[in-house]
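A structural walkthrough
Okay, here's what each chain looks like letter by letter:
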Amino acid sequence: MKSPKTLNVMLAAAATTWIFRIINAVSGIITLPLILFYLNKNEYGLWVLIGQVSRFLGMSDLGIANAISRFVARFRGQNDKDSIDVVISTVLVLTVALGILVALLTFAIAPWIPAILGIGEDYASVSKTVFIITGLSLALMFPTRIGMGILTGYQYYGPHGVGKIVKSLLFLLAIVILAWMKQLNVISLAFASGITVLIGQILLFYVAWRMTGPWKILPSNCSLKMAKEMLSLGSSTILVTLSKLFYNQGMGIALGRIAGLGSVAIYGVASTIVMDIEPIIGAIGSAMPTLASEFQARGEMEKLKRIINLSILVTFALTLSAMAGLFVYAEPILRFFLKKGSWSDADLSQIGYVILIMFVGVAFWLPQLVSRSTLQAVGRHWAVTYAVLGSSIVALGIAIFAMLNGWGVYGAALGFGMELLFQGIILFPPMICKFLGESLREMFVKAYLPGFLTGIAVFAVALFLSWILPPDSVVNLILGILATFIFGIAILVPISGQTAFVIKTLKRYQARVI
């Protein structure tokens, strides 16, 4: 069975993710102001807190939905369709059982949610209802989650984004309709979120069936051995995700108990904006897990090194450019979109500062995301797991200490940034350099230095544009952001001098594979 062209895989994976993230960002630009207009600060804080807890429930699939892609890719490479049927049958049984477990846990935990989150009597009843809606939605999604894993296992990176795109568009439509009907509240928001995500997952499952099926889903195809293998791989993957959730969601819960729902709302708005920007840039390395496995198997380590360095260079340059733009334009944008809500000028200023503190960590972590993906793909997933888990625990401790000493939401933002800085500066660079046989100095010169120069140049241009085009009007705001973006892209092309070499290498690699 022929492998898809390497360059096409990288471009399809990145393009699909970018399309989804751009649609998601546009959706967020419309939905977030509407949500914040109809929900007061405490109600939005409640929505964020319930979301933090429900994400822990979402990890109850034990990483199986993500692990399936590795097994499908392995057996597809061996042209072993029967084993793929065994994988899918086994996963469906496991996810249905885990979905039932999540539903039972939801009803068991719901009465205790106000006490766990420190929610007062005014919102106690609403918090229980929202938690039940969210938990049951997750339980129903579990079996349909495998659609994405199957598609990525077949390296169909284009179609795998269909469900996400549909979900984002449906959520946008639902929020606009609810706002038009003046029925947008925390409970209706929970229903809209759960239903739209479920529809997207079902559609993705259907697309996987149409493109890779039919599958022989039979009880006789369920394998205990396969389940153990998947749980082993899934457990390391889930620990990486869980450690990130442990920090992010644990941080929100701790902030709520220490500083109240208002601080959680500010943290929630800032983290939503950061998390919408982060994956758009990080999409550059989204195909690295499968590509790294192939390059390692063929012993083409020099080519893998060049591709990783290029990914780090481009990601670092884009991230620093984004941070420069946020430094200049974040607060004016917030004032433009949220000025009609119940949020004060002090709230908007706090959100702007929190975004910048968070993004310092993102700027150094995102370039090393490709390193993390590569190390996981070549069998060093437990080393990655321990690194992520350790940094999350330390950062959470720093954040809680800062919050207890009066830093409030800024303490939470500090912890957010520290977790990413630990991974992006201290942990992953030495690990990937050792694997590639490259010195830290070599990586700095080839990848980080050009990216740093790009970021500095964009920052200078953004400041200059904000001086000649003060962002106090919509027209100036749009012109300034657009000009900064165009300059950043224009300067990135000549600085990333490795681009031509890497693309030429990939094309030669394609010719041998095909």
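Heads up: the structure comes first, above all this text.
About the thresholds
- Residues numbered from 1 in each chain as written.
- Predicted model: local features only at pLDDT ≥ 70, side-chain atom pairs only at ≥ 80, totals over all residues.
- Heavy atoms only, no water.
- Helix = DSSP H or I, 4+ residues; strand = E, 2+ residues; numbered from the N terminus.
- Buried < 20%, exposed > 50% of the residue type's maximum accessible area, 1.4 Å probe, protein only.
- Contact = heavy atoms within 4.5 Å.
- Areas by Shrake-Rupley, 256 points an atom, 1.4 Å probe, with all protein chains shown as cover.
- Salt bridge = Lys/Arg side-chain N within 4 Å of Asp/Glu carboxyl O.
- Patch = residues over 30% accessible without salt bridge, like charges linked within 9 Å, V, L, I, M, F, W, Y side chains within 5 Å.
- Core = buried A, V, L, I, M, F, W, Y, C linked by side-chain atoms within 4.5 Å.
- Phe/Tyr/Trp six-rings, centres within 6.5 Å; stacked < 30°, edge-to-face > 60°.
- Expected span 1.5 Å × (residues − 1).
- Bend = angle between axes of the 7 residues up to and from the residue.
- Axes fitted to C-alpha atoms, helices over the stretch in contact; angles between N-to-C directions.
- Parallel < 35°, antiparallel > 145°, perpendicular 65-115°, else oblique.
- Left-handed = near helix turned anticlockwise from the far one by under 90°.
- Polar contact = N/O pair within 3.5 Å; in protein donor to acceptor, adjacent residues only side chain to side chain.

**So, the overall build of the protein**
Looking only at helices and strands, the protein has 20 helices and zero strands in total. Classification of the 514 residues of the protein by burial places 55% in the buried group. The contacts in the protein between residues at least 6 apart in sequence include a share of 85% that link residues at least 24 apart. Carbon and sulfur atoms form 70% of the exposed surface of the protein, whose accessible area is close to 21800 Å².

**Examining the pattern of salt bridges**
Applying the stated rule across the entire model yields three salt bridges. Taking the shortest distance from any N to any O, the salt bridge between Lys 81 and Asp 85 comes out at 3.1 Å. Pair noted here: Lys 81 and Asp 85 are both in helix 4 (residues 81-109), with a separation of four residues, about one helical turn. Assessed through its relative accessible area of 3%, Asp 85 is described here as buried.

**Quick look at a nonpolar patch on the surface**
Taken together, the side chains of Phe 444, Val 445, Leu 449, Phe 452, Leu 453 and Ile 456 make up a nonpolar region of the molecular surface, amounting to roughly 530 Å² of accessible area. Overall, Leu 453 belongs to the partly exposed group, its relative accessible area being 47%.

**Brief notes about the nonpolar core**
Residues Tyr 44, Trp 343 and Ile 351 are the most contacted members of the largest nonpolar core, which totals 68 residues. Here this core gets 10 residues from one element, more than from any other, and that element is helix 11 (residues 261-282). Beyond its immediate stretch of four places on either side in the chain, Ile 351 contacts Ile 266, Val 269, Ala 270, Leu 334 and Trp 343.

**Side note on the packing of aromatic side chains**
As enumerated under the stated definition, the model contains seven aromatic pairs in all. Ring geometry for Phe 464 against Trp 467: centres 6.1 Å apart, planes inclined by 50°, an arrangement best described as tilted. In this pair, Phe 464 and Trp 467 both sit in helix 18 (residues 440-468), three residues apart, roughly one turn of the helix. A relative accessible area of 45% means that Phe 464 is categorised as partly exposed. When its relative accessible area of 66% is taken as the criterion, Trp 467 is described as exposed. An aromatic cluster is built from Phe 205, Trp 209 and Trp 215, whose rings are joined through pairwise contacts.

**Thoughts on the side chain of Ser 263**
Tracing the backbone shows Ser 263 in helix 11. What Ser 263 contacts, discounting residues up to four positions off in sequence, is Leu 255 and Val 409.

**Quick look at the environment of Gln 52**
Mapped onto the fold, Gln 52 is located in helix 2 (residues 41-58). When its relative accessible area of 5% is taken as the criterion, Gln 52 is described as buried. Separated by 199 residues in sequence, Gln 52 and Met 251 have C-alpha atoms that sit 8.9 Å apart.

**Quick word on helix 17 (residues 409-436)**
When the terminal C-alpha atoms of helix 17 are compared, their 39 Å separation across 28 residues agrees well with the 40 Å that a helix rising 1.5 Å per residue should span. At Phe 428, helix 17 is bent by approximately 45°, the largest bend along its length, and proline Pro 429 sits one to four residues beyond.

**Comments concerning the packing of helix 16 (residues 381-407) against helix 17**
For any two helices packed against each other, one specifies the crossing angle of their axes together with the interaxial distance. The geometry of helix 16 relative to helix 17 is characterised by a closest axis approach of 8 Å and an angle of 155° between their N-to-C directions. With respect to helix 17, the element helix 16 is oriented roughly antiparallel. Crossing of helix 16 over helix 17 shows right-handed handedness.

**Quick notes on helix 11**
The end-to-end C-alpha distance of helix 11, which contains 22 residues, comes to 31 Å, matching closely the 32 Å that a straight helix rising 1.5 Å per residue would cover. Along helix 11, 17 of the 22 residues are buried, which leaves the element largely enclosed by surrounding structure.

**Section: the packing of helix 6 (residues 121-141) against helix 9 (residues 186-212)**
Orientation of helix 6 relative to helix 9, taken along the N-to-C sense of each, is 5°, at an axis distance of 9 Å. The pairing of helix 6 with helix 9 is recorded here as roughly parallel in orientation. For the pair helix 6 and helix 9, the contacting residues are Val 126, Thr 129, Val 130, Ile 133, Thr 134, Ser 137, Leu 140 and Met 141 in the first and Val 186, Ile 187, Ala 190, Phe 191, Gly 194, Val 197, Leu 198 and Gln 201 in the second.

**Comments concerning the side chain of Thr 212**
With respect to the secondary-structure elements, Thr 212 resides in helix 9. For Thr 212, a relative accessible area of 6% gives the class buried. In this structure the side chain of Thr 212 is engaged in a polar contact, spanning 2.6 Å, whose partner is the backbone oxygen of Ala 208. When near neighbours in sequence (up to four residues on either side) are disregarded, Thr 212 contacts Lys 81, Ile 150, Tyr 154 and Tyr 156.

**Here we look at the environment of Ala 103**
Note that Ala 103 resides in helix 4. Ala 103 sits in the buried class, given a relative accessible area of 18%. Beyond its immediate stretch of four places on either side in the chain, Ala 103 contacts Leu 136 and Ala 139.

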